[in-house]
Amino acid sequence: MQFDEADTQLLNLLSDNARAPVATLARKLGLARTTVQARIDRLETSGAIAGYTLRLGEVARPRLRATALLSIELRSGPIVLDRLKSLSAVETVHTCSGRFDLIVQLAADSTTALDAALDKIGEAKGVKSSESLIHLSTKLDRPIG
């Protein structure tokens, strides 16, 4: 499925607030309410919107996903977390037990963008070492709840 600019903007608005009224979305997009509702219906039917709160379907997700396992210096957690928050490719950050301190989930549309994000993470002050795992295919994606 191909997305035009209005579809992309609509998905971004729904990502910010999946419960936004259609009239509000229409006003922000400069489109008729019925047009926005039809776009939402089409995005749901095509699988681009897989659920609410907004979970993007495979056709709308970035093509590449990765996990970075980080070891960080003692007491550098807040500095590293601020750096991770500034990177648009970073989706989630988890603390963990074991040999690594943080698990970072990333998504990017190209290997170049993913590589750049991993480089920025590795160069961040407070990061001692990192290991990255590129996701090849999703075998199970169960919603939590």
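Scroll up for the structure.
Nothing here was measured: the structure is a model prediction, and the numbers come from that model.

Cut-offs and rules
Residues numbered from 1 in each chain as written. Predicted model: local features only at pLDDT ≥ 70, side-chain atom pairs only at ≥ 80, totals over all residues. Heavy atoms only, no water. Pairing = 2+ DSSP bridges. Helix = DSSP H or I, 4+ residues; strand = E, 2+ residues; numbered from the N terminus. Axes fitted to C-alpha atoms, helices over the stretch in contact; angles between N-to-C directions. Contact = heavy atoms within 4.5 Å. Parallel < 35°, antiparallel > 145°, perpendicular 65-115°, else oblique. Left-handed = near helix turned anticlockwise from the far one by under 90°. Buried < 20%, exposed > 50% of the residue type's maximum accessible area, 1.4 Å probe, protein only. Arc of directions from axis to C-beta.

Caption draft 1: Just the sheet that holds strand β4 (residues 90-95), in detail. Spatially, the four strands line up as an open sheet ordered β4-β5-β3-β6, and their pairing is antiparallel. Two strands close off the open sheet at either side, each with one partner strand: β4 and β6 (127-135). Each strand of the sheet is rotated relative to its neighbour by a mean of 20°, with strand direction disregarded. Contacts from helix α4 (residues 77-85) reach β3 (64-72), β4, β5 (102-108) and β6, with the element oriented near 160° to β3. The strands touched by helix α5 (residues 111-123) within the sheet are β3, β4, β5 and β6, with β5 carrying the most contacts at an inclination of about 155°.

Caption draft 2: Looking closely at the packing of helix α1 (residues 5-16) against helix α2 (residues 22-29). Where α1 meets α2, the closest approach of the two axes is 11 Å, and the angle between their N-to-C directions is 130°. On the basis of their axis angle, the class for α1 and α2 is oblique. At the point where α1 passes α2, the crossing takes the right-handed sense. Residues Ala-6, Gln-9, Leu-10, Leu-13 and Leu-14 of α1 pack against Leu-25, Lys-28 and Leu-29 of α2.

Caption draft 3: Just the environment of Leu-74, in detail. Structurally, the position occupied by Leu-74 is in the loop between β3 and α4. Residue Leu-74 is classed as exposed on the basis of its relative accessible area of 70%. Residues Leu-74 and Ala-32 lie 42 residues apart in sequence; the distance between their C-alpha atoms is 54 Å.

Caption draft 4: Spotlight on the pairing of β4. Where β4 and β5 come together, five bridges link them in antiparallel fashion. Bridge pairing links His-94 to Ile-103 in β5. Connecting the antiparallel pair β4 and β5 is a turn made up of six residues, with Gly-98 showing a positive phi of about 105°.

Caption draft 5: Quick look at the environment of Ala-20. Following the sequence through the fold, Ala-20 ends up in the loop between α1 and α2. What makes Ala-20 buried here is its relative accessible area of 15%. Taking the C-alpha atoms as reference points, Ala-20 and Arg-83, separated by 63 residues in sequence, lie 30 Å from one another.

Caption draft 6: Just α2, in detail. Those residues of α2 lying buried are Val-22, Leu-25, Ala-26 and Leu-29. The buried residues of α2 all sit within an arc of 100° when viewed along its axis, so they share a single face. In α2, the exposed positions angled more than 90 degrees off the buried face are occupied by Arg-27 and Lys-28. Against α1 and α3 (33-46) lie the buried residues of α2. The positive-phi residue at the C-terminal boundary of α2 is Gly-30, with phi of around 70°.

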